[in-house]
Amino acid sequence: MGASIEAIRTAFEAERDHDRPVTVAHEVPTSYKAITGEWLTAVLCKDVPGGTVTDFRFDERDDGSSNRRRIFLSYNDAAQAAGMPATVFCKAAETLENRIVLGVSDTAQAEADFYNLVRPRINFEAPNPRFARFDPSSYAYFIMMDDMAGKVHFPDERTTLTRQQAEGLVTTLSNLHSRFYDSPELGTETLPFKHWPRWWRDMMTGAPDFPDCCDKGFEAASSVLPDGLLRRRSEIWEATEKSVARHLELPRTLIHSDVHFKNWYITPDDRMGLADWQLTTIGHWSRDFIFSTMTALTVEQRREWLEDLLRLYLDLMAAKGVPVISFDEALRNIRQQMFTAFAFWTITMRPTEDMPAMQPEHTTFEFLRRMGAAIDDYGALDAF
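Residues numbered from 1 in each chain as written. Predicted model: local features only at pLDDT ≥ 70, side-chain atom pairs only at ≥ 80, totals over all residues. Heavy atoms only, no water.

1. Thoughts on the overall build of the protein
Of regular secondary structure, the protein possesses 15 helices and 10 strands. Relative to the globule expectation of 21 Å for 384 residues, the C-alpha radius of gyration of the protein, 21 Å, shows essentially globular dimensions. Reported as C-alpha extents along the three principal axes, the dimensions of the protein are approximately 60 × 45 × 40 Å. In the protein, which comprises 384 residues, the proportion classed as buried is 59%. Counted over contacts in the protein with a minimum sequence separation of 6, partners at least 24 positions apart contribute 72%. For the protein, the accessible area works out to roughly 15700 Å², and carbon and sulfur atoms hold 48% of it. For the protein, the separation between the mean place of its 42 positive charges and that of its 58 negative charges on side chains is 1 Å. (Helix = DSSP H or I, 4+ residues; strand = E, 2+ residues; numbered from the N terminus. Rg over C-alpha atoms; globule rule 2.2 N^0.38 Å. Buried < 20%, exposed > 50% of the residue type's maximum accessible area, 1.4 Å probe, protein only. Contact = heavy atoms within 4.5 Å. Areas by Shrake-Rupley, 256 points an atom, 1.4 Å probe, with all protein chains shown as cover. Lys, Arg positive; Asp, Glu negative; His and termini not counted. Charge placed at Lys NZ, Arg CZ, Asp CG, Glu CD.)

Have a look at this one:
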């Protein structure tokens with residue numbers, strides 16, 4: 001189970017200096033102010049003989065579930081000759097609120113494990129890490145990766161995908177899911193991730209007001225939800241819990257779990273990359289498939305393309321050696337998996353007191369509109 005809110009608060013308050021300087025590569029910065037040139041040199045220039053970071057400065061903050069900033073770097077001649085990056089993109093947990101939201105759910109540990117244990121073994125588009133660690137004593141974590149700003153496009157709800165890009169999205173998912181499908185490594189030291197139902201149970205234990213806040217988020221978004229779904233509001237949470245329980249009965253693989261559209265990026269050659277691996281868990285592929293397509297496609301695109309995209313995904317999985325999955329079975333599974341995706345965004349609309357603000361309201365409204373329409377279109381409440 002993830003840490004309790006009280007344990008994280010106690011650890012945070014016990015820190016005498018939240019900005020204590022770090023100087024050696026294994027240390028996890030507890031804040032951006034803690035970063036020193038010595039630490040950056042140790043992390044970035046470890047394979048560059050004589051290479052050093054001579055100066056650095058920070059970009060503006062971007063706060064959400066984590067605290068994000070770029071670092072602009074200068075180097076000596078040896079490091080410059082080795083082609084060291086001029087900027088890196090970082091994620092941290094500086095504040096108590098961020099450590100709570102990332103520590104209770106074990107997401108900080110999961111993201112560090114993904115970059116250290118999984119990223120070297122996959123062949124699809126994902127960020128390239130320079131440093132990824134979680135400190136279980138302070139609940140601080142720090143991820144540093146190559147900066148993709150200006151090199152790729154980060155979409156949001158205003159971005160309209162082409163059909164080719166939508167097919168690239170499900171191709172990326174099939175590459176992840178087929179790579180670890182029913183692998184005996186799942187849950188072992190080499191893939192030490194939580195099973196999705198356990199992750200969910202731990203989240204509910206750590207944030208007992210989660211269901212109530214989701215219901216408040218549902219009410220707040222009622223203006224963009226279909227009438228049919230509004231009339232069945234009282235059934236939503238029961239369906240959400242059934243959605244989680246289905247993972248206990250289905251084949252397992254490694255899933256991203258938080259594949260909303262803003263966690264994707266588009267390369268100049270139109271490949272679809274997947275970032276933000278904080279919620280890496282073990283579960284059924286259908287959660288990733290429907291969460292990504294519901295948020296990435298407009299309502300009109302989803303109505304026109306979804307079943308074709310599902311057939312493409314199933315063909316790709318079979319081509320990669322996964323046992324054949326029938327279309328009818330797959331469609332039933334994705335109908336059932338709409339609800340925890342929906343919960344992730346009703347909670348975003350009305351987060352618990354211990355959660356930071358995670359997304360702009362206009363984004364949240366649009367994603368809930370798209371998901372609400374999908375739940376209504378596919379009669380998801382009757383899929384169990």
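2. Notes on the packing of helix α6 (residues 163–179) against helix α11 (residues 285–296)
When two helices pack together, their arrangement is given by the angle between the helix axes and by the axis-to-axis distance. Across the interface, α6 lies against α11 with an axial gap of 11 Å and an inter-helix angle of 160 degrees. With respect to α11, the element α6 is oriented roughly antiparallel. Along this stretch, α6 crosses α11, giving a crossing that reads as right-handed. Residues L169, V170, L173, L176 and H177 of α6 form the contact with α11, whose own contacting residues are W285, D288, F289, S292, T293 and A296. In the contact of α6 with α11, the residues fall into seven nonpolar, three polar and one charged. (Axes fitted to C-alpha atoms, helices over the stretch in contact; angles between N-to-C directions. Parallel < 35°, antiparallel > 145°, perpendicular 65-115°, else oblique. Left-handed = near helix turned anticlockwise from the far one by under 90°. Nonpolar A, V, L, I, M, F, W, Y, C, P; charged D, E, K, R; others polar.)

3. With respect to the environment of M272
Within the secondary structure, M272 is located in strand β9 (residues 272–274). Once residues lying within four places of it in the same chain are set aside, the contact partners of M272 are E125, L161, Q165, G168, L169, T172, W264, Y265 and I266.

4. Some thoughts on the nonpolar core
Formed by 102 residues in total, the largest nonpolar core has its most connected members in W200, F210, W285, F289, L310 and F342. Not counting residues within four places of it along the chain, the set of residues in contact with W200 comprises F210, W237, T240, E241, V244, T340, A343 and F344. Core analysis: the next-biggest nonpolar cluster, separate from the first, contains 23 residues, V28, Y32, V43 and C45 among them. (Core = buried A, V, L, I, M, F, W, Y, C linked by side-chain atoms within 4.5 Å.)

5. Quick word on the pattern of salt bridges
Evaluation of the coordinates by the stated rule reveals 30 salt bridges. A salt bridge links D147 to R70; the shortest N-O distance between them is 2.9 Å. Here R70 lies in strand β3 (residues 67–75) and D147 lies in the loop between β6 (140–146) and α6, a separation of 77 residues in the sequence. The closest approach of N and O atoms between R302 and D377, which form a salt bridge, is 2.9 Å. With R302 in helix α12 (residues 299–319) and D377 in helix α15 (residues 361–377), this residue pair connects regions lying 75 residues apart in the sequence. Among the charged side chains, a salt-bridge network with shared partners connects D106, K194, R198 and D202. (Salt bridge = Lys/Arg side-chain N within 4 Å of Asp/Glu carboxyl O.)

6. A look at the environment of P197
Considering the arrangement of structural elements, one finds P197 in helix α7 (residues 196–206). When the C-alpha atoms of P197 and R303 are compared, they prove to be 29 Å apart, with 106 residues separating the residues in sequence. Sequence-distant contacts of P197, that is, excluding residues within four places in its chain, are made with V244, H247 and L248.

7. What about the packing of aromatic side chains?
Counted according to the given criterion, the structure contains 25 aromatic pairs. Considering the side-chain rings of F218 and F342, the 6.0 Å spacing of their centres and the 80 degrees angle between planes classify their relative orientation as edge-to-face. Of the two residues, F218 sits in helix α8 (residues 210–220) while F342 sits in helix α14 (residues 338–349), which places them 124 residues apart along the sequence. With respect to class, F218 is no different from F342; both count as buried. Ring centres of W285 and F289 lie 6.3 Å apart, and the angle between their planes is 90 degrees; on these two criteria the pair is classed as edge-to-face. Of the two residues, W285 and F289 are both situated in helix α11; the distance of four residues between them amounts to about one turn of the helix. With a relative accessible area of 0%, W285 lands in the buried category. (Phe/Tyr/Trp six-rings, centres within 6.5 Å; stacked < 30°, edge-to-face > 60°.)

8. Observations concerning α11
Its 12 residues place the ends of α11 17 Å apart at the C-alpha level, agreeing with the 16 Å of an ideal helix rising 1.5 Å per residue. Counting buried residues along α11, 12 of its 12 residues qualify, which places the element largely inside the surrounding structure. (Expected span 1.5 Å × (residues − 1).)

9. What to know about unusual backbone geometry
With a phi close to 65 degrees, Y139 is a non-glycine residue in the positive phi region. Mapped onto the elements, Y139 comes out in the loop between β5 (129–135) and β6. One non-glycine residue, D276, lies in positive phi territory at about 60 degrees. In this fold, D276 is placed in the loop between β9 and β10 (281–283).

10. Quick look at the pairing of β6
Successive side chains on a regular strand alternate, one facing one side of the sheet and the next facing the other. By the criterion of burial, β6 is predominantly enclosed, with six of the seven residues buried. One ladder, built from five bridges, connects strand β4 (residues 87–92) with β6; its direction is antiparallel. Bridged to A92 within β6 is F142. Pairing geometry for β5 and β6, over six bridges, is antiparallel. By the bridge assignment for β6, F134 is matched with Y141. Hairpin connection from β5 to β6: four residues lie between these consecutive antiparallel strands, with Y139 at a positive phi of about 65 degrees. (Pairing = 2+ DSSP bridges.)

11. Section: the state of the cysteines
For the structure on display, the rule yields zero disulfides. Of the cysteine sulfurs around C214, a residue in no disulfide, the closest is that of C213, at 7.3 Å. (Disulfide = S-S within 2.5 Å.)

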